[in-house]
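Chain and residue survey
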Amino acid sequence: ARWPSTESLAKILDITNESLDTLADFIRGKKQDHKDGARQIPIIGCAQAGQAGYFDDAGYPAGNGWDTIEFPKMDDPAIYALEVAGDSMEPLYRDGDILIVSPNTEQLRRGDRVVVRTKKGEVMAKHLARISPTQIVLKSLNQEFQDIPMARKDLAWIARILWVSQ
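These lines cover the structure that appears in this document, whether it is placed above or below.

What counts and what doesn't
Residues numbered from 1 in each chain as written. Predicted model: local features only at pLDDT ≥ 70, side-chain atom pairs only at ≥ 80, totals over all residues. Heavy atoms only, no water. Pairing = 2+ DSSP bridges. Helix = DSSP H or I, 4+ residues; strand = E, 2+ residues; numbered from the N terminus. Axes fitted to C-alpha atoms, helices over the stretch in contact; angles between N-to-C directions. Phe/Tyr/Trp six-rings, centres within 6.5 Å; stacked < 30°, edge-to-face > 60°. Buried < 20%, exposed > 50% of the residue type's maximum accessible area, 1.4 Å probe, protein only. 1 Å grid on protein atoms, 1.4 Å probe; cavity = no way out; pocket = protein on both sides within 12 Å on 5 of 7 lines; lining within 4 Å. Points joined across faces, edges and corners; volume = space filled by probe spheres on them. Nonpolar A, V, L, I, M, F, W, Y, C, P; charged D, E, K, R; others polar. Core = buried A, V, L, I, M, F, W, Y, C linked by side-chain atoms within 4.5 Å. Contact = heavy atoms within 4.5 Å. Salt bridge = Lys/Arg side-chain N within 4 Å of Asp/Glu carboxyl O. Patch = residues over 30% accessible without salt bridge, like charges linked within 9 Å, V, L, I, M, F, W, Y side chains within 5 Å. Areas by Shrake-Rupley, 256 points an atom, 1.4 Å probe, with all protein chains shown as cover. Lys, Arg positive; Asp, Glu negative; His and termini not counted. Charge placed at Lys NZ, Arg CZ, Asp CG, Glu CD.

Right, let's get into the sheet that holds strand β1 (residues 38-45). Strand order across the open sheet formed by 9 strands is β2-β1-β3-β4-β9-β5-β6-β7-β8, with mixed pairing between neighbours. Single-partner strands in this sheet number two, and they are β2 (67-72) and β8 (148-151). Here the strands of the sheet are splayed against their neighbours by 45° on average, with no regard to which way each runs. The sheet contact formed by strand β5 (residues 113-118) and strand β6 (residues 123-131) spans 5 bridges and is antiparallel. Within β6, the residue paired with Val-114 across the bridge is Lys-126.

Given below as structure tokens:
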């Protein structure tokens, strides 16, 4: 188990629009009223994300088979969660980690951690090393693997990782 850095905590509080007091109350075990502060978001496993029928053409959740989890309310109504299974995304993401992602690619920029699905159905979590109108370059989270240049036309969708439970 690792403890999050203060920088990570500050980012989480900013993204979730929560205060340090709310976090402290949560740690102390004080019950929070989540009517306005949380919502149910869809979740599936990363392996399922590679199968047909779970996403529309833009990378938004679709179809049946999705479960839900409670997550703090955010400005992005399209967020969803992917659960990591296995060790293919180590050392950064481990079995059981939950990735909160957004298919909204307007704010996508170099250096972001992303989940991509190719038109062949392969799902990968990577660093976005380069992005242009025709091509992207994905950097592996595991330094032993080479960068992956890919034509944008070969992508089914790309989603930015906003938050990770570890």
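Each aromatic ring pair is summarised here by two numbers: the centre-to-centre distance and the angle between the ring planes. The tally for this structure, following the rule as stated, stands at 6 aromatic pairs. Relative to Trp-66, the ring of Tyr-54 lies with its centre 6.3 Å away and its plane at 75°, an arrangement referred to as edge-to-face. Of this pair, Tyr-54 sits in the loop between α3 (46-49) and β2 while Trp-66 sits in the loop between α3 and β2, and the two are 12 residues apart along the sequence. Taking relative accessible area as the criterion, Trp-66 reaches 18% and is therefore assigned buried. Judged by centre distance (5.4 Å) and plane angle (85°), the rings of Phe-55 and Trp-66 are edge-to-face. Taken together, the residues Phe-55 in the loop between α3 and β2 and Trp-66 in the loop between α3 and β2 connect sequence positions 11 residues apart. These aromatic residues form a ring-pair network of at least three members: Tyr-54, Phe-55, Trp-66, Tyr-80 and Trp-157.

Our next topic: helix α2 (residues 20-28). Counting buried residues in α2 gives 0 out of 9 residues, a small share hidden from the surface. In the stretch just after α2, Gly-29 is the one whose phi turns positive, near 90°.

This part takes up the layout of surface pockets. Put simply, the second largest pocket is a space of about 180 Å³. Taken together, Ser-88, Met-89, Glu-90, Val-123, Met-124, Ala-125, Lys-126, Ser-140, Leu-141, Asn-142 and Phe-145 make up the full set of residues lining the second largest pocket. A breakdown of the residues in the lining of the second largest pocket according to their chemical character gives 6 nonpolar, 3 polar and 2 charged.

Attention shifts here to the nonpolar core. By size, the foremost hydrophobic cluster in this structure holds 20 residues, and its most contacted members are Phe-55, Tyr-80, Leu-82, Tyr-93 and Val-115. Residue assignment for this core shows that the elements contributing at least two residues are α3, β3 (80-83), β4 (98-102), β6 and β9 (155-165). If we ignore the near neighbours within four places in the chain, the residues touching Tyr-93 are Val-84, Leu-99, Arg-113, Ala-125, Leu-141, Ile-161, Val-164 and Gln-166. Counting residues in hydrophobic clusters, the runner-up holds 10 residues, among them Leu-108, Val-114, Leu-128 and Met-150.

The topology assignment puts Leu-141 in the loop between β7 (135-139) and β8. Separated by 51 residues in the primary sequence, Leu-141 and Glu-90 have C-alpha atoms spaced 7.4 Å apart. The contacts of Leu-141, once residues within four sequence positions are left out, are Met-89, Pro-91, Leu-92, Tyr-93, Ala-125, Lys-126 and His-127.

Here we take up the pattern of salt bridges. As enumerated under the stated definition, the model contains 4 salt bridges in all. Taking the shortest distance from any N to any O, the salt bridge between Lys-139 and Asp-147 comes out at 3.8 Å. Asp-147 gets classed as partly exposed once you look at its relative accessible area, which sits at 39%.

A word on a negative patch on the surface. A contiguous patch of negative charge on the surface is contributed by Glu-83, Asp-87, Glu-90 and Asp-95. Of note, Glu-90 is situated in the loop between β3 and β4. With a relative accessible area of 34%, Glu-90 lands in the partly exposed category.

These results come straight from atomic positions and should not be treated as a statement about function.
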